[in-house]
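Working through the structure, step by step
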Amino acid sequence: MAIINGNKNNFKELINNKVIVDFYADWCGPCKMLSPVLDKISEEENIDIVKINVDNDPELAKEYGIMSIPTIIVFENGEEKNKNIGLCSKQDIKDMIK
Amino acid sequence: MITIIGAGPAGISCALYLKRANKNVQVITNDKSALCKAKYIENYYGTGKIIGKELYNNGIKSIQELDIPVIKDEIINIQYNDSFILEGINNNYNSDIVVLALGKINNRTYIKGEEKFIGKGISYCATCDGFFFKDKKIAVIGNGEYANKEYEYLKNISSNIIRLNNDDINEIIGTDKVTHINLKNNTNVEVDGIFICDDTIDANVLCLKSGILTNKDGVVIDENYQTNIDNIYSCGDLIPGIKQISKAVNDGMLVANIIISRR
Ligand SMILES: Cc1cc2nc3c(=O)[nH]c(=O)nc-3n(C[C@H](O)[C@H](O)[C@H](O)COP(=O)(O)OP(=O)(O)OC[C@H]3O[C@@H](n4cnc5c(N)ncnc54)[C@H](O)[C@@H]3O)c2cc1C
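Presented here is a report on the structure given in the accompanying data block. This is a predicted model, so every value here is computed, not measured.

1. Section: the sheet that holds strand 15 (residues 188–190) of chain B
Residue and element names in this part refer to chain B. Ordered in space as 13-14-15, the three strands form an open sheet in which the pairing is antiparallel. Each end of this open sheet is capped by a strand with a single partner; those strands are strand 13 (169–174) and strand 15. In this sheet, adjacent strand axes meet at a mean angle of 25° when their direction is disregarded. Relative to strand 14 (residues 178–183), strand 13 runs antiparallel, the two sharing five bridges. Looking at the pairing, Ile 172 lines up with Ile 181 of strand 14.

2. Digging into helix 4 (residues 145–155) of chain B
Each turn of an α-helix holds 3.6 residues, which means side chains three or four residues apart point in the same direction. Residue and element names in this part refer to chain B. All of the buried residues in helix 4 are Tyr 146, Ala 147, Glu 150 and Leu 154. Buried residues of helix 4, seen end-on, are gathered within an arc of 95° and therefore sit on one face of the element. Among the structural elements, strand 6 (75–80), helix 3 (126–129), strand 11 (138–141), strand 12 (161–164), strand 16 (193–196) and helix 5 (203–210) are those in contact with the buried residues of helix 4.

3. Re helix 6 (residues 245–262) of chain B
Residue and element names in this part refer to chain B. Over its 18 residues, helix 6 runs 26 Å from end to end, which matches the ideal 26 Å to within 8%, given 1.5 Å per residue. Within the span of helix 6, buried status applies to Ile 245, Lys 247, Ala 248, Asp 251, Gly 252, Val 255, Ala 256, Ile 258 and Ile 259. For helix 6, the elements touching its buried residues are strand 1 (2–5), helix 1 (9–20), strand 3 (40–41), helix 2 (52–64), strand 9 (97–100) and strand 19 (232–234).

4. Focus: the site of the ligand
All names here are of chain B. Lining the immediate environment of the ligand, one finds 33 residues, of which Asn 30, Lys 32, Ser 33, Asn 43 and Asp 237 sit closest. In this structure, an oxygen atom belonging to the ligand sits 2.9 Å away from a main-chain N or O atom of Asp 31. Taking Lys 243, its main chain carries an N or O atom lying 3.5 Å from an oxygen atom of the ligand. Those elements giving two or more residues to the shell around the ligand turn out to be helix 1, strand 2 (25–29) and helix 6. Its residues placed into classes, the shell around the ligand shows 17 nonpolar, nine polar and seven charged.

5. With respect to the state of the cysteines
Per the stated rule, a full pass over the model turns up two disulfides over all chains. For A:Cys28, the disulfide goes to A:Cys31, at an S-S distance of 2.2 Å. The sign of the 85° torsion about the S-S bond sets the A:Cys28-A:Cys31 disulfide as right-handed. The buried category is assigned to A:Cys28, whose relative accessible area is 0%. Each sulfur in the disulfide pair B:Cys125 and B:Cys128 lies 2.3 Å from the other. In this structure the cystine formed by B:Cys125 and B:Cys128 twists about its S-S bond by roughly 70°; its chirality is therefore right-handed. The exposure classification of B:Cys125 matches that of B:Cys128, with both residues buried. No disulfide involves B:Cys207; its nearest neighbouring cysteine sulfur is the one of B:Cys235, lying 12 Å away. Classification of B:Cys207 as buried rests on a relative accessible area of 0%.

6. Thoughts on unusual backbone geometry
In this chain, A:Ile69 is followed by A:Pro70 through a cis amide linkage whose omega measures 0°. Relative to the helices and strands, A:Pro70 is located in the loop between helix 3 (58–63) and strand 4 (71–76). With a phi angle near 65°, B:Asn22 is a residue other than glycine that sits in the positive phi range. With respect to the helices and strands, B:Asn22 occurs in the loop between helix 1 and strand 2. When its relative accessible area of 71% is taken as the criterion, B:Asn22 is described as exposed.

7. Observations regarding a positive patch on the surface
Residue and element names in this part refer to chain B. A cluster of basic side chains, namely Lys 32, Lys 37, Lys 104 and Lys 243, defines a positive patch on the protein surface. Tracing the chain through its elements places Lys 243 in the loop between strand 19 and helix 6. Residue Lys 243 is classed as partly exposed on the basis of its relative accessible area, which comes to 31%.

8. Some remarks on the side chain of B:Asn77
Residues and elements named next belong to chain B. Within the secondary structure, Asn 77 is located in strand 6. By relative accessible area, Asn 77 is classed as buried at 10%. Asn 77 has contacts with Ile 85, Leu 86, Glu 87, Leu 206, Lys 209 and Ser 210, leaving out every residue within four places of it along the chain.

9. Overview of the interface of chain A and chain B
Each side of the interface is counted separately: chain A has 17 residues, and chain B has 20 residues. Along the contact surface separating chain A from chain B lie zero salt bridges. Taken together, chain A and chain B are joined by two residue pairs in polar contact (both at pLDDT 80 or more). Broken down by secondary-structure element, the contributors of at least two residues to the side of chain A that touches chain B are helix 2 (29–44) and helix 3 of chain A. Considering every element that reaches the side of chain A that touches chain B, the biggest residue donor is helix 2 of chain A, with three residues. For the side of chain A that touches chain B, the per-class residue count stands at 12 nonpolar, four polar and one charged.

10. Quick notes on the packing of helix 1 of chain B against helix 6 of chain B
Residue and element names in this part refer to chain B. One way to put it is that helix 1 packs onto helix 6 with a least axis distance of 7 Å and a crossing angle of 35°. Two packed elements cross with a definite hand, and for helix 1 against helix 6 that hand is right-handed. Along the contact surface, helix 1 presents Pro 9, Ala 10, Ser 13, Cys 14, Tyr 17 and Leu 18, while helix 6 presents Ile 245, Ala 248, Val 249, Gly 252, Met 253, Val 255, Ala 256, Ile 259 and Ile 260. Each residue belonging to the contact of helix 1 with helix 6 can be placed in one class, and the counts come to 13 nonpolar, two polar and no charged.

What counts and what doesn't
- Residues numbered from 1 in each chain as written.
- Chains lettered and ligands numbered in written order.
- Predicted model: local features only at pLDDT ≥ 70, side-chain atom pairs only at ≥ 80, totals over all residues.
- Heavy atoms only, no water.
- Pairing = 2+ DSSP bridges.
- Helix = DSSP H or I, 4+ residues; strand = E, 2+ residues; numbered from the N terminus.
- Axes fitted to C-alpha atoms, helices over the stretch in contact; angles between N-to-C directions.
- Buried < 20%, exposed > 50% of the residue type's maximum accessible area, 1.4 Å probe, protein only.
- Arc of directions from axis to C-beta.
- Contact = heavy atoms within 4.5 Å.
- Expected span 1.5 Å × (residues − 1).
- Near = heavy atom within 4 Å.
- Polar contact = N/O pair within 3.5 Å; in protein donor to acceptor, adjacent residues only side chain to side chain.
- Nonpolar A, V, L, I, M, F, W, Y, C, P; charged D, E, K, R; others polar.
- Disulfide = S-S within 2.5 Å.
- Patch = residues over 30% accessible without salt bridge, like charges linked within 9 Å, V, L, I, M, F, W, Y side chains within 5 Å.
- Areas by Shrake-Rupley, 256 points an atom, 1.4 Å probe, with all protein chains shown as cover.
- Salt bridge = Lys/Arg side-chain N within 4 Å of Asp/Glu carboxyl O.
- Lys, Arg positive; Asp, Glu negative; His and termini not counted.
- Charge placed at Lys NZ, Arg CZ, Asp CG, Glu CD.
- Left-handed = near helix turned anticlockwise from the far one by under 90°.

Structure (structure tokens):
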């Protein structure tokens, strides 16, 4: 499905659906490698990807205990279902959203 | 330019085959091969019983005789523009193709408590995670050149940094995140973030920082020994399979042939 730019104003609403949230920053090398993998997931799977740039929204990163990026969290009905810290494969992400 | 990181059996073999196909190749090493830890090697073709370190040095000599530059440096990050920039302790190197022959992954022993707090205060990458510890209490673990580099970077982020060695530490302690380090002398140091550097950068950490996908068996490669990043290949103990010299030499040759046939 789609890639959505999230921020602290729309975040709570976005995570009411089943989504993958990608906490990233432009200066983070491994984040750049994970990004195309997430693009593929959004094409192949029936799920939206919400991008959170931690530079713009440090409060959100703090609220969700992010201390290392990339971190992806799968949310459903506002709740954290699954979390992965660091780079991972497309299959790993597919397993996380099963 | 093709750059091979690692001068063990895999890296040397790869360099030999590339050079013989007239490729422009250089090898970078911090001389931490598994071979240097092996007292004797007794099961490799044609050498008889030989001291591990001696076989390692022979390998380096054999490519130097072919005028392949062997550069002593430690690569601590790989970045990408149009080509790759390999960031070393001493220098940066540009390269179009990179071969990772770094030796075994996950070769280090965790400090007690470390594994539990990965991403919860434990970090292996100052440039990736320093941001989260602005003006917080930070510990940098390790006393090699790499630790010095990470420390220099983190100094811009916090003025509250303590330097420790792996040997100083009894246990890393916390709740849902790291709170303090219990030292061997039985005192506690309060910390928010711990950056682990060891004496030299671990193969796993270099991959993590550079965005190269790994799993518990090593670097993930496709059928052409290519990693998740185009034009970065891997071979030897770094990839899944038997951890032996013959296999590493074979891997190195295969990677060279793949590179030669592709270009
Ligand atoms: C105690 C011991 C005994 C062994 N005995 C045998 C035996 O009898 N027979 C046998 O076949 N095998 C034996 N092995 C295994 C054998 O040593 C390895 O399979 C082989 O060395 C793997 O080769 P490699 O080139 O993949 O990695 P390595 O030989 O480990 O070489 C890795 C290279 O990468 C370099 N490097 C790593 N990170 C960086 C960095 N960031 N920057 C720059 N350079 C870097 C290192 O300096 C080194 O040059 C033994 C291993 C050990 C530890």
